[in-house]
Amino acid sequence: MTPNEVSIVQNSFAKVAPISDLAADIFYDRLFELSPEVRSLFPNEMAQQKKKLMQMLTTAVNGLHTPDAIGAAVHDLGRRHASYNVKEEHYDLVGSALLYTLGKGLGDDFSAEVEGAWTEAYVMLATIMKEGQRAAG
């Protein structure tokens, strides 16, 4: 990612962070709308899961300027996802739900440039997670 893309992602996330509870609701509603069968991969009570999502996004976004520093944690997250029966095709669904959520949360501030920067960030992070998942077997 370029420094400009990192800045765009971090600045746009700063606008979404204050509505993190709503953003998490939008994200999971969209994910389950896109793929109802993935609902079974999650606990019935989603409050903790939603908090974990936003914490993970915060950590990842804050660490984008030093990807080597967050790489191990993201790789480990992918390794853990292997035990949750996550499949590689689920990553595309998650990316789509994330971009949808950002679009809803940012409104008019969700420009093509913002979408492009977030796409780069997500592809980078998802690639590392997939490597971790494959390493888990």
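Right, let's walk through the structure included here. Here the residue numbering is sequential within each chain, running from 1 through the sequence in written order. Note on the predicted model: pLDDT of at least 70 is required for a residue's local features to be given, and 80 or more for side-chain atom pairs to be given and counted; whole-chain, interface and lining totals, by contrast, use all residues. Only hydrogens and water are set aside when side-chain values are computed; all heavy atoms of the structure are taken into account.

## Digging into the overall build of the protein
Within the protein, the regular secondary structure consists of six helices and zero strands. Numbering of helices and strands runs from the N terminus, with a helix taken as a DSSP run of H or I at least four residues long and a strand as a DSSP run of E at least two residues long. Ordered by position in the sequence, the α and β elements of the protein form the string α-α-α-α-α-α. Along the first, second and third principal axes, the C-alpha atoms of the protein reach 35 × 30 × 25 Å. In the protein, the share of contacts with a sequence separation of at least 24, taken over all contacts with a separation of at least 6, comes to 77%. Contacts were defined at the residue level, with two residues in contact if any of their heavy atoms lie within 4.5 Å.

## Concerning helix α4 (residues 67–83)
Multiplying 1.5 Å by the helix residue count minus one yields the expected span of that helix. Taking 1.5 Å per residue as the helical rise, α4 with its 17 residues ought to reach 24 Å, and the 24 Å between its terminal C-alpha atoms agrees with that figure. Elements that come into contact with the buried residues of α4 comprise α3 (47–62), α5 (88–106) and α6 (112–136). Where α4 terminates, the next one or two residues include N85, which has phi positive at roughly 65°.

## Digging into the pattern of salt bridges
Each salt bridge in this description consists of a side-chain nitrogen of Lys or Arg and a carboxyl oxygen of Asp or Glu lying within 4 Å of one another. All told, the structure shown has five salt bridges when counted by the stated rule. The partner of K50 in a salt bridge is D25, with the nearest N and O atoms 2.5 Å apart. One end of the pair, K50, is in helix α3; the other, D25, is in helix α2 (residues 20–34), with 25 residues separating them in the sequence. With a shortest N-O distance of 2.8 Å, E33 and R30 are connected by a salt bridge. Of this pair, E33 and R30 both sit in helix α2, three residues apart, which is roughly one turn of that helix.

## Thoughts on the packing of aromatic side chains
Any two of the Phe, Tyr and Trp rings considered here, Trp counted by its six-membered ring, make a pair once their centres fall within 6.5 Å; the pair's planes then place it as stacked at under 30 degrees, edge-to-face at over 60, or tilted in between. Taken as a whole, this structure holds five aromatic pairs when the rule is applied. Summarising the aromatic geometry, the rings of F13 and W118 are spaced 6.1 Å apart at their centres and angled 55° between planes, so their arrangement reads as tilted. You can see F13 sitting in helix α1 (residues 3–16) and its partner W118 sitting in helix α6, a full 105 residues away along the chain. Residue F13 shares its accessibility class with W118, and that shared class is buried. Judged by centre distance (5.8 Å) and plane angle (35°), the rings of Y28 and F32 are tilted. One end of the pair is Y28 and the other is F32, both in helix α2 and four residues apart, which spans about a single turn. The same class applies to Y28 and to F32, which are both buried. Members of the aromatic cluster, each reached through a chain of ring pairs, are F27, Y28, F32 and F42. For every residue, the accessible area obtained with a 1.4 Å probe (protein chains only) is divided by the maximum for its type, and the residue is called buried under 20%, exposed over 50%, and partly exposed between those limits.

## Some details on α6
Compared with an ideal rise of 1.5 Å per residue, which puts 25 residues at 36 Å, α6 spans 36 Å between its outermost C-alpha atoms and is within 8% of the ideal. Of all the residues in α6, the buried ones are V114, A117, W118, A121, Y122, L125, A126, I128, M129, K130, G132 and Q133. Turning to α6, the residues buried within the fold contact α1, α3, α4 and α5. One or two residues past the end of α6 sits G137, with phi positive at roughly 105°.

## Quick notes on the packing of α2 against α5
Axes here refer to lines fitted to C-alpha atoms; in helices the fit is confined to the stretch in contact. Angles between the N-to-C directions go from 0 to 180 degrees. Interaxial distance between α2 and α5 falls to 8 Å at its minimum, and their mutual angle equals 135°. In terms of their interaxial angle, α2 and α5 are classed as oblique. Both α2 and α5 take part in a crossing whose hand is right-handed. Seen from α2, the contacting residues are A23, I26, F27, R30, L31 and L34; seen from α5, they are L93, V94, S96, A97, L98, Y100, T101 and K104. Note on residue categories: nonpolar means Ala, Val, Leu, Ile, Met, Phe, Trp, Tyr, Cys or Pro, charged means Asp, Glu, Lys or Arg, and polar means any other residue, Gly included. The class makeup of the residues in the contact of α2 with α5 is ten nonpolar, two polar and two charged. In this scheme, roughly parallel covers angles under 35 degrees and roughly antiparallel covers those over 145, while 65 to 115 is roughly perpendicular and the rest are oblique. What makes a crossing left-handed is the near helix being turned counterclockwise from the far one by less than a right angle; a clockwise turn instead makes it right-handed.

Without other data, these values stay purely geometric and don't point to any function.
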